[in-house]
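Fold and geometry: a report
Letter by letter, the chains look like this.
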Amino acid sequence: MSTQERFTPFARTDLDARQQEIFDDIASGPRGTVPWIFHLYLDSPELAARIQQLGAFCRYGTSLPPRLSELAILIAAHHWEAEYEWSIHTGEARKAGLPSEVIVAIGEDRRPVFDDGDSELIYDFATEFFRRNDVPDALFASAVERFGRATTVELAGVLGYYSMLAIAIRIFRLQPESRAE
């Protein structure tokens, strides 16, 4: 089955009233656009509404600085081989101050060299989780000590949210927008 058979972006005018309401809500939010992943989710309007609210929090509302949040997002995207997500968030990560060398290393399955302990801790936490489906006690304790319990919960939420998106990206074979046009 080709990518087009599993996913086709649409125009706002193709949507029913409830889908248009959600489309407009997404477009008017912090994203300023309706990314293709939400075109996919709009086939289930109520799911799309809830996912976009959670996504707005996970991307813009956590206590993680954008640089650390984008690092966690890239690790999730790479783990799931979600090219669509990777293509969006490499640019966002650079804008947030993540060095290009770190982004390239993640994409090449190499451990990056970090210039700060916070990035290294986020990297270790996320990669260990995806490698083991668990976070060792000492690493968990380090995250809670450094970031606090609430931020550690938010980090787990970011990893979970972007994993959920990545699963849909893989199932529906979303390609980077620049490739699929």
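The structure contained in this document is the topic of the report that follows. These numbers come from a predicted model, not from an experiment.

Examining the nonpolar core
Core analysis: the largest hydrophobic core is formed by 53 residues, its most contacted members being Ile 37, Leu 71, Ile 122, Tyr 162 and Leu 174. For this core, the element with the most residues is helix α10 (residues 149-172), which contributes nine residues. Beyond its immediate sequence surroundings of up to four residues, Leu 71 is in contact with Leu 98, Val 102, Ile 106, Phe 114, Ser 119, Ile 122 and Tyr 123.

A short note on helix α9 (residues 137-147)
Residues separated by three or four positions in an α-helix point in the same direction, a consequence of the helix having 3.6 residues per turn. Taken as a whole, α9 has its buried residues at Leu 139, Ala 143 and Phe 147. The buried residues of α9 all sit within an arc of 40° when viewed along its axis, so they share a single face. Exposed positions of α9 whose direction lies more than 90 degrees from the buried face are Asp 137, Ala 138 and Glu 145. Looking at the buried residues of α9, the elements they touch are α5 (66-79), α8 (117-132) and α10.

Notes on the side chain of Thr 151
As for its placement among the helices and strands, Thr 151 is situated in helix α10. Residue contacts for Thr 151: discarding those within four places in its chain leaves Ser 63 and Leu 64.

Rules behind the numbers
- Residues numbered from 1 in each chain as written.
- Predicted model: local features only at pLDDT ≥ 70, side-chain atom pairs only at ≥ 80, totals over all residues.
- Heavy atoms only, no water.
- Core = buried A, V, L, I, M, F, W, Y, C linked by side-chain atoms within 4.5 Å.
- Buried < 20%, exposed > 50% of the residue type's maximum accessible area, 1.4 Å probe, protein only.
- Helix = DSSP H or I, 4+ residues; strand = E, 2+ residues; numbered from the N terminus.
- Contact = heavy atoms within 4.5 Å.
- Arc of directions from axis to C-beta.

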